[in-house]
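Survey of secondary and tertiary structure
Chain residues, written in single-letter form:
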Amino acid sequence: YPIVWDYDGPPVARLTAGTDCYRDGQVEYVENEIRNEISIRWAYDVSTTDYAKRTTVTGDTSTAASDILGRNLYTITSHSRYGSRAYEIESQLVADAATAAKILGWQSRAYAYEHRSITYLCDVSLGWLQAGQIVELTDASLHISSQRVMVQSIGWGEAELAVTFLLIPDPVRDTIKV
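About the criteria used
Residues numbered from 1 in each chain as written. Predicted model: local features only at pLDDT ≥ 70, side-chain atom pairs only at ≥ 80, totals over all residues. Heavy atoms only, no water. Helix = DSSP H or I, 4+ residues; strand = E, 2+ residues; numbered from the N terminus. Buried < 20%, exposed > 50% of the residue type's maximum accessible area, 1.4 Å probe, protein only. Contact = heavy atoms within 4.5 Å. Pairing = 2+ DSSP bridges. Axes fitted to C-alpha atoms, helices over the stretch in contact; angles between N-to-C directions. Salt bridge = Lys/Arg side-chain N within 4 Å of Asp/Glu carboxyl O.

1. Here's the deal with the overall build of the protein chain
If you tally the helices and strands in the protein chain, you get three helices and eleven strands. Taken over the C-alpha atoms alone, the protein chain extends approximately 60 × 35 × 30 Å along its principal axes. In the protein chain, which comprises 178 residues, the proportion classed as buried is 38%. Residue pairs at least 24 apart in sequence account for 65% of intrachain contacts in the protein chain once pairs closer than 6 positions are excluded.

Written out as structure tokens, the structure reads:
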């Protein structure tokens, strides 16, 4: 079933490894598709049965930005790390440039980098957690302090929960402390 990503939403819990939960295994890289040159075809024209507009966000700094081609920190750093990774989407529902830009911004933020997962054993009192919720996690052994992670899955045991968190790197959020 679909899980809504509200990565900017408030955390539902703040957990500290060694106190609230205990890490169960290593940090693992999750296989996900890297996207740093994303195009959306939009403004569907029923008379021509084709899209009238295309907007692209890219990490390639050698191309000139314009109304239909832009870049952001996510695509630039991803492009320098992984090379060009193109992806195209189409939407018959998008009719304005602002909506197309929002979709591209979300896509570039969510898919610019490799995702990681970490599983922790937690008390069953955290059984109210749901997939997709945001948690702030601190784990001194991993040098993680108040890192925003998403609940990916929850496995129920007799005396504890195995909660797997998804860490989606976000250099803007993770390097600027308020």
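Having seen the structure, we can now continue with the description.
2. With respect to the sheet that holds strand β4 (residues 37-45)
Ordered in space as β6-β5-β4-β7, the four strands form an open sheet in which the pairing is mixed. Edge positions in the sheet fall to β6 (69-70) and β7 (86-90), since each has one partner strand and no second. By the bridge criterion, five bridges tie β4 to β7 in an arrangement that is parallel. Paired with Glu37 across the strands is Ala86, a residue of β7. Along the sheet, helix α2 (residues 97-111) makes contact with β4, β5 (50-58) and β7, crossing β4 at roughly 150°.

3. With respect to the pattern of salt bridges
Applying the stated criterion to the full structure yields eight salt bridges. Close ionic contact of Asp8 with Arg109 constitutes a salt bridge, the shortest N to O distance being 2.8 Å. Of the two residues, Asp8 sits in the segment before β1 (13-16) while Arg109 sits in helix α2, which places them 101 residues apart along the sequence. Residue classification places Asp8 among the exposed positions, given a relative accessible area of 57%. In this structure, Glu136 and Arg14 form a salt bridge, with 3.2 Å as the shortest nitrogen-oxygen distance. Remark: Arg14 occurs in strand β1 and Glu136 occurs in strand β9 (residues 134-139); sequence separation between them is 122 residues. Classification of Arg14 as exposed rests on a relative accessible area of 55%. Overlapping salt bridges, with partners in common, bring together Asp8, Arg109 and Asp170 in one network.

Keep in mind these numbers describe shape, not what the thing actually does.
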